[in-house]
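Next come the chains, spelled out residue by residue.
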Amino acid sequence: MLIKRRTPWTLTENDVTPKSMYLSRRRLMASFGAAGIAACGPRGEAAGAAQEAETGLRFTKTDYFPAGDLTPVEAVTGYNNFYEFGTGKSDPARSSGRLTTKPWTVAVEGHAERTGTFALEDLVDFNRLEERIYRLRCVEAWSMVIPWVGVPLADVLASFNPTSDAKYVAFETYLNRDEMPGVRWPVLDWPYVEGLRMDEATHPLAFLAVGLYGDVLPNQNGAPLRLVVPWKYGFKSIKSIVRIRFESEQPPTSWNKSAAREYGFYSNVNPNVDHPRWSQASERVIGGGSLFARRDTDMFNGYADAVAGLYAGMDLAKNY
Ligand SMILES: Nc1nc2c(c(=O)[nH]1)N[C@H]1C(S)=C(S)[C@@H](COP(=O)(O)O)O[C@H]1N2
Ligand SMILES: [Mo]
C-alpha cells in the first residue's frame, strides 16, 4: 500500500492490531536485538496470553514520532504522579487499587449543542482506537516514552458540537475520599482541574488515552480516561476525567492555582524558559538503563513542527 507521508502523524500502517499481534511484533523486534525493546515486554510471557483475551485493546498502529526507546512498562506503571493517591512516585501504584473505574461516566457541560452525562463507551469509540508513541515530559525534568492507546481529543470534542462561544475546554478529575487516600491532604485544591485553549484541544496531536502498552490504563496512569498533550509538561495531562466543560473564559488549573509563578496556563515544554527553581534545558530519562541517563529537552517536547504555529506571536516567557 502506498501512503504519502505528508505530516508526522500520517498513518504508516492502518491495520487494526489485536493485542496478541502487538505482543508478537514486540517479541519479534526483541529477537532482532532492538536495543531497549527486550526489556519492555508488557508482562511475563506465560501470564500474558490469558490476560490478553480479557483486557487487550484493539487498535491501529500509528507512527507518531517514535520518540526514542520505549520506557520499560514497569517504570511507566510504577513511577507516577497522581497526587490523589499520594505524592511519592510509588504511591499511585500501591494505593490506587480501590479506584472504581466501571461503570464510568463523564459529564459534558457548557457551550455545546450536545451536553449531558455519557458512559465512557459512548464518549470514546473503542472500535477506532489507535496507538501513539509519545514522550511524556514532566515539569520535574524527567521523561518517559510511552505507547498510548486512545482516540484524538478533537474527535471526541467534535461529537458534542461546541458552539462559537467555546474558546476553552476545562477538564476535571474524579474525586472520592474513600478511594483516594491522597486527597486527605490539601496538597492541591481538589478536584484536580486542567484546561486547554480550543485550538490546542482540537489539534490533531492532542489525545485521550484509554490504554497503554496495549492494555487498558492501569489506575495509577489515570484509568479509565486521561488526557495526553505531548507538547506540554506532564501535569496538563489530567487523569481519570469525569467532567469536560466548554468555556468562554480561560479556566483555572490546579498547578497554576497552587503556585502561579511556577506553573502557567500554557506549560508548553520549553528548554529556554526555566522553572524558577530549576533548569528545563535537559531531562532525566526514566528507565534509560542508567540512573544518570539524560537527554537535552526539545522545544515543544519535539513536536515543534506540528504545534509552534499555535503560539505564533506570543511571548512564551510571559505565557509559560
Ligand atoms: N488527576 C491528576 N492528574 C495528573 C496528575 C495528578 O496528580 N492528578 N499528575 C500529572 C503529572 S505532574 C504528570 S507528570 C502526569 C504523569 O502521568 P503518568 O503517571 O501516567 O506518567 O500525570 C499528570 N496528571
Ligand atoms: Mo509532572
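Given the structure is predicted, the values throughout are model-derived calculations rather than measurements.

About the thresholds
Residue positions within a chain follow its written sequence, with the count starting from 1. Both sets of labels track the order of writing: A upward for chains, 1 upward for ligands. Selection of residues for local features in this predicted model requires a pLDDT of at least 70, selection of side-chain atom pairs for listing and counting requires 80 or more, and totals for whole chains, interfaces and linings are taken over all residues. Note: side-chain values were computed over all heavy atoms of the structure, leaving out hydrogens and water. We count a stretch as a helix when DSSP gives it H or I for four or more residues in a row; a strand needs E for two or more, and each element gets its number in order from the N terminus. To be clear on the numbers: accessible area is Shrake-Rupley with a 1.4 Å probe, and residue cover counts the displayed protein chains and nothing else. When a carboxyl oxygen of Asp or Glu is within 4 Å of a side-chain nitrogen of Lys or Arg, the pair counts as a salt bridge. Note on exposure labels: buried denotes an accessible area under 20% of the residue type's maximum, exposed denotes more than 50%, and partly exposed covers the range between, all computed with a 1.4 Å probe on protein chains only. A pocket, in this scheme, is an open set of points on a 1 Å grid over the protein atoms alone with protein on both sides within 12 Å along at least 5 of 7 lines, while a cavity is a set where a 1.4 Å probe fits but cannot get out; residues line either one if an atom lies within 4 Å of a point. Grid points are joined across faces, edges and corners, and a volume is the space filled by probe spheres set on the points. Gly is placed with the polar residues, together with every amino acid not listed as nonpolar (Ala, Val, Leu, Ile, Met, Phe, Trp, Tyr, Cys and Pro) or charged (Asp, Glu, Lys and Arg). At least two bridges found by DSSP between two strands are what make those strands a pair. Axis angles are defined between N-to-C directions and span 0 to 180 degrees, where every axis is a line fitted to C-alpha atoms and, for a helix, only to the segment in contact. Confidence of the prediction at every residue is given by pLDDT, a number between 0 and 100. Any two residues whose heavy atoms approach within 4.5 Å at even a single point are treated as in contact. N or O atoms within 3.5 Å of each other form a polar contact, as long as, within protein, one can give a hydrogen and the other can take it, and as long as residues adjacent in sequence are counted only when both atoms are side-chain atoms. Remark: nonpolar core denotes a set of buried residues (Ala, Val, Leu, Ile, Met, Phe, Trp, Tyr, Cys) joined through side-chain atoms within 4.5 Å. Only Phe, Tyr and Trp rings take part, Trp by its six-membered ring, and two of them pair if their centres are within 6.5 Å. Stacked means planes under 30 degrees apart, edge-to-face means over 60, and tilted covers everything else. For this purpose, a residue is taken to be near a molecule or strand whenever a single non-hydrogen atom of the residue falls within 4 Å of it. To be counted as sitting in a cavity or pocket, a molecule needs more than half of its atoms within 2 Å of that site's grid points.

**Things to note about the overall build of the chain**
A count of helical and extended segments in the chain gives nine helices and 14 strands. Here the chain has roughly 14,400 Å² of accessible surface; of this, 52% comes from carbon and sulfur atoms.

**Let's talk about the pattern of salt bridges**
Proximity of charged atoms lets side chains of opposite charge pair with each other. Counted according to the given criterion, the structure contains 16 salt bridges. Glu109 is paired through a salt bridge with Arg245; the nearest N and O atoms lie 3.0 Å apart. Here the residue Glu109 occupies a position in strand β3 (residues 105-110), and Arg245 occupies one in strand β12 (residues 241-247), the gap between them amounting to 136 residues. Note that Arg132 is salt-bridged to Glu130, the shortest N-O span being 2.9 Å. Here Arg132 and Glu130 have matching classes, each one buried. Each of the salt bridges in this network shares a partner with another, and the network as a whole consists of Glu109, Glu172, Arg243, Arg245 and Glu247.

**Here we look at the layout of surface pockets**
If you add up the space inside the second largest pocket, you get close to 420 Å³. Taken together, 28 residues make up the lining of the second largest pocket; nearest its centre are Asn81, Phe82, Gly234, Phe235 and Lys239. Mapped onto the lining of the second largest pocket, the elements with two or more residues apiece are β5 (130-138) and β6 (142-152). By residue number, the principal contributor to the lining of the second largest pocket is β6, which donates four residues. Residue composition of the lining of the second largest pocket, by class: 18 nonpolar, six polar and four charged.

**Focus: empty space enclosed by the protein**
Applying the stated criterion across every chain yields a total of one cavity of 30 Å³ or more. Looking at the largest cavity, its volume works out to about 50 Å³. Taken together, Tyr134, Arg135, Leu136, Arg137, Trp148, Val228, Val229, Pro230, Lys232, Tyr233, Gly234 and Ser237 make up the full set of residues lining the largest cavity. By residue number, the principal contributor to the lining of the largest cavity is β5, which donates four residues. Taken together, the residues of the lining of the largest cavity break down into seven nonpolar, two polar and three charged.

**Here's the deal with the sheet that holds strand β7 (residues 168-173)**
Pairing in this open sheet of five strands is mixed, and the strands run β4-β3-β12-β7-β8 from one edge to the other. Of all the strands in the sheet, the pair left with one neighbour each is β4 (116-119) and β8 (193-197). Recorded for the sheet is a direction-independent mean angle of 20° between the axes of neighbouring strands. Pairing geometry for β3 and β12, over four bridges, is parallel.

**Let's talk about the confidence of the model for the chain**
Looking at the chain, the pLDDT average stands at 86 and 82% of residues meet or exceed 70. Counting contacts from residues 1-53, a segment whose pLDDT is below 50, to residues more than four positions away or on other chains yields 84 contacts.

**Observations regarding the side chain of Thr173**
Within the secondary structure, Thr173 is located in strand β7. Judged by its relative accessible area of 1%, Thr173 is buried. A polar contact is formed between the side chain of Thr173 and the backbone oxygen of Lys239, at a distance of 2.8 Å.

**Focus: unusual backbone geometry**
The omega torsion across Trp190 and Pro191 is -5°, close enough to zero to call that bond cis. Among the secondary structure elements, Pro191 is positioned in the loop between β7 and β8. Notably, Asn161 is not glycine yet its phi reads approximately 50°, a positive angle. Following the sequence through the fold, Asn161 ends up in the loop between α6 (153-158) and β7. Located in the positive-phi region is Phe300, a residue other than glycine, with phi close to 50°.

**Side note on the nonpolar core**
Within the largest apolar cluster, 84 residues are counted, with the highest numbers of intra-cluster contacts made by Trp148 and Trp231. Broken down by element, the residue count for this core peaks at seven residues, all from β6. When sequence neighbours within four positions are dropped, the list of residues in contact with Trp148 reads Glu130, Glu131, Arg132, Tyr134, Leu136, Phe207, Ala209, Gly211, Leu212, Leu217, Arg226 and Val228.

**Describing the packing of aromatic side chains**
The final tally for this structure, using the stated rule, is 14 aromatic pairs. Both rings, one in Trp255 and one in Tyr263, keep their centres 5.3 Å apart while their planes meet at 65°; by these two values the pair is edge-to-face. Classification of Trp255 by relative accessible area gives buried; the value is 16%. The exposure class assigned to Tyr263 is buried, which follows from its relative accessible area of 7%.

**A few points about the site of ligand 1**
Around ligand 1, the structure places 16 residues, and the nearest of them are Asn80, Tyr83, Glu84, Ser237 and Lys239. Between ligand 1 and Thr173 there is a distance of 2.9 Å, counted from a nitrogen atom to a side-chain nitrogen or oxygen. Burial of ligand 1 by the protein amounts to 99% of the accessible area it has alone, namely 530 Å². If you map ligand 1 onto the pockets, it falls in the second largest pocket. Of the residues that constitute the shell around ligand 1, the class distribution is seven nonpolar, six polar and three charged.

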